[in-house]
Each structure stands twice: as C-alpha cells, then as structure tokens.
Amino acid sequence: MSTSANTGFVKNDEPVNRQTFDEVMVPVFAPASFIPVRGSGLDLWDQEGRHYLDLTGGIAVLGLGHTPREIVDALVEQANNLWHVSNYFTNEPVLRLARALTGATFAEKVFFCNSGGEANEAAFKLARKWAHDRFGEKKNRIVSCFHAFHGRTLFTVTVGGQSKYTEGFAPLPPQIDHIPFNDIAAAEAAIGDDVCAVVVEPIQGEGGILPADPEYLARLRRLCDEKNALLVFDEIQCGMGRTGKLFAYMDYDVVPDIMTSAKALGNGFPIAAMLTTTEIANSFSVGSHGTTYGGNPLAAAVACKVFETINHPDFLARVVDAGKKLRASLESVVRDYPDVFSQVRGKGLMLGLVMSEKYHGKAAEITAEAGKQGLLLLLAGYDVIRFVPALIVSDEHIRQGEKLLRQSINAWLKK
Ligand SMILES: *Cc1c(COP(=O)(O)O)cnc(C)c1O
C-alpha cells in the first residue's frame with residue numbers, strides 16, 4: 001500500500017470545481033458540469049451565480065424545496081440541544097416522529113435508519129425472519145418486479161429488477177424472483193407457498209413513472225393473504241405527499257404489511273423508516289437488527305417538522321391541484337410535439353413525459369439542453385423525462401417550467 005501520495009496538508013478553502021470530482025471521487029456518478037452552491041424553494045444557483053429553476057426536487061427528496069425556513073429552524077434548534085446519544089438511549093424527537101407516523105398510517109411500529117436502501121434491507125430481513133419464525137426456513141423466497149428499484153446494498157439491489165445494477169457483483173443473495181409489473185397472471189404463477197414477501201412500488205419511479213393498476217395491487221394483497229406472504233410497499237419515492245395522499249397506498253385501498261419511506265421524509269436530511277404492524281415487528285428482538293445513526297435526534301427533529309407540514313389536508317390538496325396543473329402543462333407539450341412525445345403518465349406530482357418511438361433513447365438530450373436553458377429536469381430510464389418537483393411548486397413555477405421546456409425542445413430539434 002502506498003502512503004506516498006499523501007504529501008501534506010491541503011487547506012480546506014482551496015477552490016474546487018467539477019474537475020476535482022474526477023480527481024478525487026469514486027466514479028459512480030456523472031454529475032452536471034456546474035456545481036450548485038445555494039438553493040431556496042425551487043431556485044438554485046451555481047458557483048458562477050447562474051440561476052436554475054429546479055424541477056428535480058433532489059430526486060423526489062425536497063418535498064418542501066431547498067432550505068425551507070421552518071425546517072432550518074427545527075434543525076438549528078435541535079442542533080443546539082442534542083445531536084446523538086446512541087441506541088443505549090432513546091430521544092424525544094424520534095418518539096414524536098414514530099407516534100406521528102404510526103398515528104397517520106396502518107403501521108403500529110417503526111424502525112428508523114438513514115437511507116431508503118437501509119429501510120428496504122430492514123424490511124426484507126424482517127420478512128425473512130417473520131416467515132422463518134412462523135413457517136420454517138423453507139419459506140424464504142422474495143418476489144419483486146422487473147424495473148423496480150429498491151436500493152444499492154447487495155440484498156436490495158438484487159431484489160430490485162434491473163440486472164445492469166447487479167452485473168459483476170455475484171454471488172447474489174439467493175431466492176429472489178422477478179415478475180413483470182402489473183401482470184396479474186405472472187404474479188399468480190410466481191407467488192407460491194415458499195414466498196415470504198412480495199415487494200412492489202405502488203408507482204415505479206426509477207423504472208419510468210409507472211403507476212400500479214388498482215386491480216394489480218388488490219390481487220397481490222389477496223395472493224399474499226392466501227400464501228401467508230407479507231406485502232411490502234416501497235414508498236420511498238411515491239410516498240410523503242407526492243401523489244396528493246400522505247402515502248400512495250391510501251389511494252389504492254390496499255394496505256401493506258410493511259412499508260418503507262425515505263427521500264421526502266427528511267427533505268434532504270438523511271432519514272428513512274420501515275413501518276409495520278406489532279405482530280410482524282415482534283419477529284425482531286433486541287439485537288436482531290440495528291444502526292448507529294438511525295433515528296438520531298437531529299434527523300428525527302427535521303422529519304417531525306417535515307411530516308407535520310406535509311400531513312395537512314390543505315397541503316395535500318394543493319399537491320393534487322399542482323399535479324393537475326403540471327399534468328395539463330405537460331399534456332399541452334405532448335399535443336404540440338406529437339412527434340417527440342407519446343404521453344404523460346403518473347400521479348400527483350410524480351409525472352413522466354414519455355418519448356415517442358421515433359425519439360427512443362433521446363430523453364437525455366432534452367434534459368441536457370434544458371440544463372443549458374436554466375431548467376433542471378430528471379430522467380427515469382432512457383425514454384421518460386421525470387417530473388418530481390418540490391411539492392410547494394407554484395403555478396408560476398409550472399408556467400416558467402413549461403416555457404423553458406418548450407425552449408429546450410425547440411433548441412434540441414434545431415440541432
Ligand atoms: C431512491 C429509492 C430507493 C433507495 O433509496 P436510497 O436512500 O438511495 O438508499 C429505494 N426505493 C425507491 C423506490 C427509491 O426511489
């Protein structure tokens with residue numbers, strides 16, 4: 001091992017730029033050419049002082065936008081009181097947050113951790129443990145969907161349904177099968193007596209903004225009941241107000257056994273939760289699972305305030321309203337560029353603008369052009385431009401976004 005590269009003291013105020021990323025960061029990301037330094041609501045500014053309208057919501061994380069005043073206040077107040085005490089103690093913010101989450105959902109128990117992947121890891125471990133305790137070690141198969149995304153730990157990436165993310169990481173955890181999303185016959189064939197859990201995103205996010213059919217989720221519920229398997233909803237992207245309901249399952253009339261939440265739960269401060277019933281939670285006991293930072297007072301105080309803000313009828317009603325307006329805006333774009341786009345799909349403020357066959361694989365060219373025009377957009381796969389803006393998006397933001405989007409499409413078509 002070489003120690004020679006460490007030649008001395010690097011002052012922390014030396015300028016950094018995009019090239020620094022390539023020099024010192026493990027190359028798993030390909031970030032934009034500019035570096036954001038400040039944000040407020042849906043406004044973002046880079047190192048050069050350039051302004052961007054941010055419709056990415058930090059990938060469905062910033063429900064309340066950048067640096068929301070009331071959340072900053074909650075964070076600073078908690079930062080002045082208590083940051084961390086370890087799991088040998090509990091703390092007030094985490095108990096308040098657990099009470100709020102269980103009070104507002106099907107769940108009776110919560111486990112907190114730091115990321116979506118960890119929440120799913122806990123969910124899948126719990127499902128295996130529960131089935132093992134009640135039915136023996138042969139009941140261990142996990143069924144999930146192609147194009148699903150559940151995180152990047154080896155277990156969760158294997159449960160996720162995109163083989164490009166597991167290539168080269170074998171051996172993978174066994175007894176995990178994938179079925180086509182929204183395909184009832186495939187679910188009936190795959191969910192046998194050896195299945196301990198069926199995992200699904202009520203609206204597939206990374207897979208392309210695809211809502212589950214109501215009959216599909218209802219059928220999964222019945223199949224799980226018949227086969228004594230747990231139904232796990234990954235609401236990490238579609239939950240926390242994004243669809244206009246607090247959680248997406250509330251619109252489906254299908255109640256899961258385990259649900260995971262992250263992303264918008266902390267509005268950018270890392271926190272995630274796995275929610276379940278007392279009966280299922282009791283398969284875990286002291287020492288069966290854990291985390292150093294999960295449910296720490298800082299993260300929990302932030303999430304408490306976020307949750308209190310989002311879980312309000314007026315707030316959720318505005319998400320529905322804004323979702324309708326954004327959808328109408330995107331549909332007008334589809335109408336005016338029928339060659340380029342085929343449809344708008346999704347729910348609430350989780351919408352996808354789908355490329356036509358003719359421009360298959362070209363979505364990234366449009367989002368790149370949008371960046372140049374000062375509009376930040378996301379992709380979901382190669383053929384969907386994903387809109388998951390802050391839930392506080394205003395009518396004016398939507399108008400401005402449409403204008404910049406049309407400008408970007410025109411500039412791109414001219415190339
Ligand atoms: C983002 C996401 C995850 C992973 O969350 P991390 O915090 O990146 O680990 C899991 N499931 C879904 C549906 C997601 O959108």
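Residues numbered from 1 in each chain as written. Predicted model: local features only at pLDDT ≥ 70, side-chain atom pairs only at ≥ 80, totals over all residues. Heavy atoms only, no water.

(A) Representation of the packing of aromatic side chains in the model. Inspection of the entire model under this criterion finds 7 aromatic pairs. On the numbers, 4.2 Å between centres and 15° between planes, the contact of Phe34 with Tyr52 is stacked. Here Phe34 is found in the loop between α1 (18-24) and β1 (36-40), whereas its partner Tyr52 is found in strand β3 (residues 51-54), with 18 residues between them in sequence. Given the relative accessible area of 1%, Tyr52 is considered buried. Over the face of the ring belonging to Trp45 we find Arg38, whose NZ or CZ atom lies 4.2 Å from the ring centre. It is Arg152 that lies over the ring of Tyr165; its NZ or CZ is 3.9 Å from the centre. (Phe/Tyr/Trp six-rings, centres within 6.5 Å; stacked < 30°, edge-to-face > 60°. Helix = DSSP H or I, 4+ residues; strand = E, 2+ residues; numbered from the N terminus. Buried < 20%, exposed > 50% of the residue type's maximum accessible area, 1.4 Å probe, protein only. Lys NZ or Arg CZ within 6 Å of the ring centre and 35° of its normal.)

(B) Highlighting helix α10 (residues 297-310). An ideal rise of 1.5 Å per residue puts 20 Å on 14 residues; α10 measures up with 20 Å between its terminal C-alpha atoms. Among the 14 residues in α10, 11 count as buried, and that is most of the element. The set of residues buried in α10 consists of Pro297, Leu298, Ala299, Ala300, Ala301, Val302, Ala303, Cys304, Val306, Phe307 and Ile310. N-cap assignment for α10: the residue whose side-chain oxygen lies 3.1 Å from the backbone N of Leu298 is Asn296. (Expected span 1.5 Å × (residues − 1). Polar contact = N/O pair within 3.5 Å; in protein donor to acceptor, adjacent residues only side chain to side chain.)

(C) Structural view of the UniProt feature "binding site: pyridoxal 5'-phosphate" (unreviewed entry) in the protein. According to UniProt, the positions carrying the feature "binding site: pyridoxal 5'-phosphate" (unreviewed entry) are Phe149, Asp234, Glu235, Ile236, Gln237 and Thr292. What stands out for the annotated residues spanning 144 residues is how far apart their C-alpha atoms range, the widest pair being 24.8 Å apart. The residue Phe149 is located in the loop between β5 (141-145) and α6 (154-159) in this model. For Phe149, the contacting residues outside a window of four places in its chain are Gln162, Tyr165, Glu201, Glu206 and Asp234. Relative to the helices and strands, Thr292 resides in the loop between α9 (278-281) and α10. Dropping the residues within four chain positions of it, Thr292 is found in contact with His84 and Asn87. (UniProt positions renumbered as here; feature names shortened; annotations may be inferred. Contact = heavy atoms within 4.5 Å.)

(D) Representation of the pattern of salt bridges in the model. All told, the structure shown has 26 salt bridges when counted by the stated rule. One salt bridge connects Asp133 with Lys129, and the closest N-O pair in it is separated by 3.2 Å. Taken as a pair, Asp133 and Lys129 lie in helix α5 (residues 116-135) at a separation of 4 residues, close to a single helical turn. Residue class for Asp133 comes out partly exposed when judged on its relative accessible area of 43%. Beyond isolated ion pairs, a larger network of salt bridges with shared partners links Arg318, Asp321, Lys325 and Asp395. (Salt bridge = Lys/Arg side-chain N within 4 Å of Asp/Glu carboxyl O.)

(E) Structural detail: the site of the ligand. Taken together, the residues surrounding the ligand are Ser115, Gly116, Gly117, Asn120, Phe149, His150, Gly151, Glu201, Asp234, Ile236, Gln237 and Lys263. Relative to its unbound accessible area of 380 Å², the ligand is 80% covered by the protein chains. When residues of the shell around the ligand are assigned to their parent elements, the largest contribution, 3 residues, is made by α5. Among the residues making up the shell around the ligand, the classes are represented as 2 nonpolar, 7 polar and 3 charged. (Near = heavy atom within 4 Å. Areas by Shrake-Rupley, 256 points an atom, 1.4 Å probe, with all protein chains shown as cover. Nonpolar A, V, L, I, M, F, W, Y, C, P; charged D, E, K, R; others polar.)

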